[in-house]
Amino acid sequence: MIRLTRAQVREIDRLASERYLIPSIVLMENAARSATDVASDMLDGECFGQVLILCGGGNNGGDGLAVARHLHNRGADVSIALTTRAEDYKGDALINFNIVRQMQLKIAPVEIEEIPKSSALLIIDAIFGTGLNRPPREPFGKIVDAVKRSQKPVLAIDVPSGLDCDTGQALGPCVEATQTITFVAEKVGFENPTARKYLGKVTVGDIGCPRELIEEVQTKQSSTNEHEGHE
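Quick caveat, the model's predicted, so the values are computed rather than measured. (Residues numbered from 1 in each chain as written. Predicted model: local features only at pLDDT ≥ 70, side-chain atom pairs only at ≥ 80, totals over all residues. Heavy atoms only, no water.)

Engineer: Give me the lowdown on the sheet that holds strand S3 (residues 77-82), citing residues and values where you can.
Structural biologist: Read from one edge of the open sheet, seven strands run S4-S3-S2-S5-S6-S7-S9, paired in parallel fashion. Two strands in the sheet have a free side with no partner beyond their single neighbour: strand S4 (106-109) and strand S9 (201-205). Adjacent strand axes in the sheet meet at a mean angle of 20 degrees when their direction is disregarded. Relative to S9, strand S7 (residues 179-183) runs parallel, the two sharing five bridges. Among the inter-strand pairings, Ile181 is bridged to a residue of S9, identified as Thr203. (Pairing = 2+ DSSP bridges. Helix = DSSP H or I, 4+ residues; strand = E, 2+ residues; numbered from the N terminus. Axes fitted to C-alpha atoms, helices over the stretch in contact; angles between N-to-C directions.)

Engineer: Can you explain the packing of helix H2 (residues 24-42) against helix H4 (residues 91-102)? Please cite residues and give values.
Structural biologist: At a minimum axis separation of 9 Å, H2 and H4 run at an interaxial angle of 60 degrees. Looking at the two axes, H2 sits oblique to H4. The chirality of how H2 crosses H4 is right-handed. Contact residues: H2 offers Ser24, Ile25 and Met28, while H4 offers Asp92, Ala93, Ile95 and Asn96. When grouped by side-chain class, the residues that make up the contact of H2 with H4 number four nonpolar, two polar and one charged. (Parallel < 35°, antiparallel > 145°, perpendicular 65-115°, else oblique. Left-handed = near helix turned anticlockwise from the far one by under 90°. Contact = heavy atoms within 4.5 Å. Nonpolar A, V, L, I, M, F, W, Y, C, P; charged D, E, K, R; others polar.)

Engineer: So what's going on with the pattern of salt bridges? Residues and values would help.
Structural biologist: Opposite charge on two side chains permits them to pair, given that their charged atoms come into close proximity. Scanning all chains against the criterion turns up 20 salt bridges. Between Asp37 and Arg74 there is a salt bridge; the shortest N-O distance is 2.8 Å. Taken together, the residues span a long stretch of sequence, with Asp37 in helix H2 and Arg74 in the loop between helix H3 (59-73) and S3 at a distance of 37 residues. Overall, Arg74 belongs to the partly exposed group, its relative accessible area being 35%. (Salt bridge = Lys/Arg side-chain N within 4 Å of Asp/Glu carboxyl O. Buried < 20%, exposed > 50% of the residue type's maximum accessible area, 1.4 Å probe, protein only.)

Engineer: Explain the packing of aromatic side chains residue by residue, including any values.
Structural biologist: Scanning the entire structure with this criterion turns up two aromatic pairs. Between the aromatic rings of Tyr89 and Phe97, the centroid separation amounts to 5.3 Å while the plane-to-plane angle is 20 degrees, which identifies the pairing as stacked. The burial state of Tyr89 is the same as that of Phe97; both residues are buried. Centroid distance Phe128 to Phe140: 5.2 Å. Interplanar angle 65 degrees. Geometry classified as edge-to-face. Linking Phe128 in the loop between strand S5 (122-126) and helix H5 (140-150) with Phe140 in helix H5, this pair joins segments that are twelve residues apart in sequence. (Phe/Tyr/Trp six-rings, centres within 6.5 Å; stacked < 30°, edge-to-face > 60°.)

Engineer: Tell me what's going on with the pairing of strand S2 (residues 50-55), and back it up with residues and numbers.
Structural biologist: Counting buried positions along S2 gives five out of six residues, so the element sits mostly inside the fold. Note: S2 against S3, six bridges, orientation parallel. Looking at S3, one finds that Val51 is bridged to Val78. Each parallel crossover has a hand, and for S2 linked through H3 to S3 it is right-handed. Relative to S5, S2 runs parallel, the two sharing five bridges. If you follow Ile53 over to S5, its bridge partner there is Ile124. (Right-handed = clockwise from strand over helix to strand, strands pointing away.)

Interpretation note: all reported values are geometric properties and have no functional meaning in isolation.
Here it is, written out as structure tokens:
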């Protein structure tokens, strides 16, 4: 099984755009479609209930925003709860924010105490992604607690928010997902037994990166590690 580090994921994204000329917004769109398929499965294919999507400020949040419009188009009643300021979005995440705003989807700052009271059939965690490498600041811990108290099924986008994708260790409070849709390949930290309680069932989503590129980056890192081990 292929497992990738944070650095490898970034390298694959970079080379997919620079060498293979795949726009990064296309990668985000493909990721969102993969995540939407998993969300639909978790809703038994009946996307007619409420879905709450928690969106952070980076590309993970951008994925969540894109998932919101796809679920809306499939019939779901989507609510987007922002854990960041709207003005903090940039790049591809900003593009998706502007799209959902033009679609007039429900967007509001997260109201933490409303999460356990939500009628949502599914909560989607799109707060932090693979880039997180230090403990998140409050009110993140309160959000994690509220999600847990809701007792709703949770789909994590790429990695459960609060989990270090390289070590598989929680960096502090961490979302406990029912299922995780991770992109390109599993992350190296997923093989850590302590990660299992946060990951739930793991599904790998294809976002359109060339297979040859993924194998190249993985092989290059493996060769580097092997060389360092002989020094």
